[in-house]
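# Structural features, examined
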Amino acid sequence: MKQNKSNRLMPLLMALCVVIGIVVGTFYANHFSGNRLNIINSGSNRINNLLHIIDDQYVDKVNIDSLVDMAIPQILADLDPHSVYISAKDVQKATDDLKGSFSGVGIEFVIRKDTIHVQGVIKNGPADQAGIRAGDKIVSVDGKPFVGKIVTNDEAMRRLKGPKDTKVKIGIIRYGEKEVRQFTITRGDIPQKSVNAAYMIDENTGYIKIKNFGENTYPELLIALASLSQEGFSNLIIDLRDNTGGYLKSAVQMANEFLPKNRLIVYTEGRKSPRQNYKSDGRGSYQHIPLVVLINEGSASASEIFAGAMQDNDRATIIGRRSFGKGLVQQQLEFPDGSMIRLTVARYHTPSGRCIQKPYTAGENQDYDEDLLVRYQHGEFFSQDSIKHTGPAYHTSIGRTVYGGGGITPDIFVPEDTLGMTSYFKQAAMSGLIIQYAFVYTDENRPKLSSFETMPELSAYLDKQHTVDKFATYADKNGLKRRNLLIKKSYNLLKTFINSRIIYNIMDEEDWIEYLNLDDNVIKAALGVFEREEAFPKKPESKPEKKDGRTARAGEARIPSIKTSYITLT
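What you see is a predicted model, and the numbers here were worked out from it, not measured in a lab.

With that settled, consider the layout of surface pockets. The calculated volume of the second largest pocket comes to roughly 1500 Å³. What lines the second largest pocket is a set of 44 residues, among which D417, L493, T496, L516 and D520 lie closest to the centre. Among the elements of the structure, β11 (205-210), α12 (423-430), α17 (484-489), α18 (491-506), α19 (509-517) and α20 (521-531) are those that each provide at least two residues to the lining of the second largest pocket. Ranked by the residues each element gives to the lining of the second largest pocket, the list is headed by α18, at seven residues. Class assignment of the residues belonging to the lining of the second largest pocket gives a composition of 17 nonpolar, eleven polar and 16 charged.

The structure is reproduced here in structure tokens:
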């Protein structure tokens, strides 16, 4: 009897357990399902879970670190064009250009026919002290042959660079010799210069070329200014063409040198970055010198900060072509493995309030990357009227109109010089044949070329050497058919390019820049500004404005927009 009663109660007990289970399950679902869903739907956790699943279950073995290296750049690219990821192996290369120095052997080289050719040797550097000369060909590194397809720029840098005081043994073949010479070089600190030219362009005008804004740009600028002061300069040209930028601090320090006290230089502002103003302290030693700043489509970031500060404060005349348009601020964040990201955290604004960042669509970087090509095709490099202002109008301290939303538009526009441009010249330049020929010519004539002490002397000698005709013969043998009519039309362009590269191979970078500036239309425009005493922008005149067919009454006159000047030089 008892057993039968137990059997009858069993279904009831099971049903009760099910009900209790449902109640308990419902309770936990109501109280904890939200947290669980949040965890599942959290982006970072989903990525971590995905990587774990791939590592654990994917059909083939996967290098997870490599997968992350490929995924992070794509995530950042969907934010803006300047947020980037830099892998640990590329960090040093990405930061060396802006540092004051790096550790290496101190040579400049080119790779030609799968062999390293020493193009230049840094004076008093490790290679110079070891006896390496320009023109030497490196054929071995640390006892192993280093010629052929293995020779790439990255591989050469990897083998020749290294920690300070370490040694590297290189084998070289010197021009005119057959035997390999062995040299042991002790690596040392190689200075990275930001100011790559500073000289007197005429008896009154100093010229300073700055290639980027690195750690030592400001002290280098002060040294350059002191040197020019000893030569009695009374006007100054600062050339920022093709200067892609660098550190904000360096641009601010440099601008401070030319501005009166308490002038706004730039301010930054972002969603999580409160507005920060950078102002001049009035201690600059060159607040009153007539100043011209040169820019072009390759001038970006810190270059635009400096040019914008000078323009908005009416401190200098800006000459050239519209700048690149990078107005985003990146913060550098390092990961434990040595890799890092540069994340956009704010925007730059010039003193008038304009953001110079050109438009972009997040995740669509191809159009952004091709912007300069579009500008070229649209004719902006050749005509001021082709410049499209996408941002609102702002006003400088004296009321001149400037525009935001896409770089710094110069006060005086100078178009790209196309005089003598032909298809033959384009092929010669873009194929690399001119640079190759200049190196061959330099190698074959190095003793004679090295006998000249100054750039004008060497230039005068080259003018008599028929280098254009000799190049045409060389190019014809190397795949570029001789076209006499086109060569004649492009003669001056070809001569300038060829001779400039020979001068670069024999002398230093400053001599090369000085030679190119001799026939530079932008430089001519700058010198014209000083001659007319127009370096300091003038306040625009107020003019009566017609409204509805009548002349505006007193008090209704407005400050007109100041149209950019257009200079055409031949």
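This part covers the pattern of salt bridges. For the structure shown, the criterion picks out 23 salt bridges. A salt bridge links R482 to D469; the shortest N-O distance between them is 2.4 Å. Of the two residues, R482 is situated in the loop between α16 (467-477) and α17 and D469 in helix α16; the sequence distance between them amounts to 13 residues. We classify R482 as partly exposed; its relative accessible area is 29%. Classification of D469 by relative accessible area gives partly exposed; the value is 43%. One salt-bridge network, held together by shared partners, links R322, K358, D371, R375 and E380.

Let us look at the pairing of strand β17 (residues 328-334). In terms of strand pairing, β17 meets strand β18 (residues 340-349) through seven bridges, oriented antiparallel. Bridge pairing in β18 places Q331 opposite L343. Here β17 folds back onto β18, and the loop between the two strands holds five residues, one of which, G338, carries a positive phi near 100 degrees.

Turning to the side chain of D511, a few remarks are in order. Within the element layout of this structure, D511 appears in helix α19. We note that D511 is buried and unpaired, the nearest opposite charge coming from K123 at a distance of 11 Å. Ignoring sequence-local partners within four residues, the contact set of D511 consists of M455 and I503.

Before going further, it helps to examine the pairing of strand β3 (residues 107-112). Inspection of the sheet shows β3 paired to strand β4 (residues 115-121) by six bridges, in the antiparallel sense. Paired with F109 across the bridge in β4 is V118.

On to the packing of aromatic side chains, then. Overall, the coordinates contain 15 aromatic pairs when judged by the stated rule. Summarising the aromatic geometry, the rings of Y360 and Y368 are spaced 6.3 Å apart at their centres and angled 90 degrees between planes, so their arrangement reads as edge-to-face. Residue class for Y360 comes out partly exposed when judged on its relative accessible area of 28%. Using a relative accessible area of 6% as the deciding quantity, one classes Y368 as buried. Ring geometry for Y437 and F471: centres 5.7 Å apart, planes at 70 degrees, overall edge-to-face. Of the two residues, Y437 sits in helix α13 (residues 433-444) while F471 sits in helix α16, which places them 34 residues apart along the sequence. The structure contains a cluster of three or more aromatic residues connected by ring pairs, namely F233, F258, Y286 and F306. In this arrangement the basic side chain of R321 is found over the ring face of F381, its NZ or CZ atom lying 5.5 Å from the centre.

With 41 residues, the main nonpolar core has L236, F258, V293, F306 and M310 as its most contacted residues. If one sorts the elements of this core by residue count, helix α9 (residues 302-312) sits on top with six residues. Excluding its chain neighbours within four sequence positions, the residues that come into contact with F258 are L221, L225, L236, I238, Y286, Q287, L291, F306, M310 and R315. Residues L462, V468, F471 and I506 belong to the second largest nonpolar core, which totals 29 residues.

As a further point, take a negative patch on the surface. Together, E364, D367, D369 and E370 make up a region of like negative charge exposed at the surface. Inspection of the secondary structure assignment puts E364 in the loop between β18 and α10 (365-369).

Parameters at a glance
- Residues numbered from 1 in each chain as written.
- Predicted model: local features only at pLDDT ≥ 70, side-chain atom pairs only at ≥ 80, totals over all residues.
- Heavy atoms only, no water.
- 1 Å grid on protein atoms, 1.4 Å probe; cavity = no way out; pocket = protein on both sides within 12 Å on 5 of 7 lines; lining within 4 Å.
- Points joined across faces, edges and corners; volume = space filled by probe spheres on them.
- Helix = DSSP H or I, 4+ residues; strand = E, 2+ residues; numbered from the N terminus.
- Nonpolar A, V, L, I, M, F, W, Y, C, P; charged D, E, K, R; others polar.
- Salt bridge = Lys/Arg side-chain N within 4 Å of Asp/Glu carboxyl O.
- Buried < 20%, exposed > 50% of the residue type's maximum accessible area, 1.4 Å probe, protein only.
- Pairing = 2+ DSSP bridges.
- Lys, Arg positive; Asp, Glu negative; His and termini not counted.
- Contact = heavy atoms within 4.5 Å.
- Phe/Tyr/Trp six-rings, centres within 6.5 Å; stacked < 30°, edge-to-face > 60°.
- Lys NZ or Arg CZ within 6 Å of the ring centre and 35° of its normal.
- Core = buried A, V, L, I, M, F, W, Y, C linked by side-chain atoms within 4.5 Å.
- Patch = residues over 30% accessible without salt bridge, like charges linked within 9 Å, V, L, I, M, F, W, Y side chains within 5 Å.
- Areas by Shrake-Rupley, 256 points an atom, 1.4 Å probe, with all protein chains shown as cover.
- Charge placed at Lys NZ, Arg CZ, Asp CG, Glu CD.

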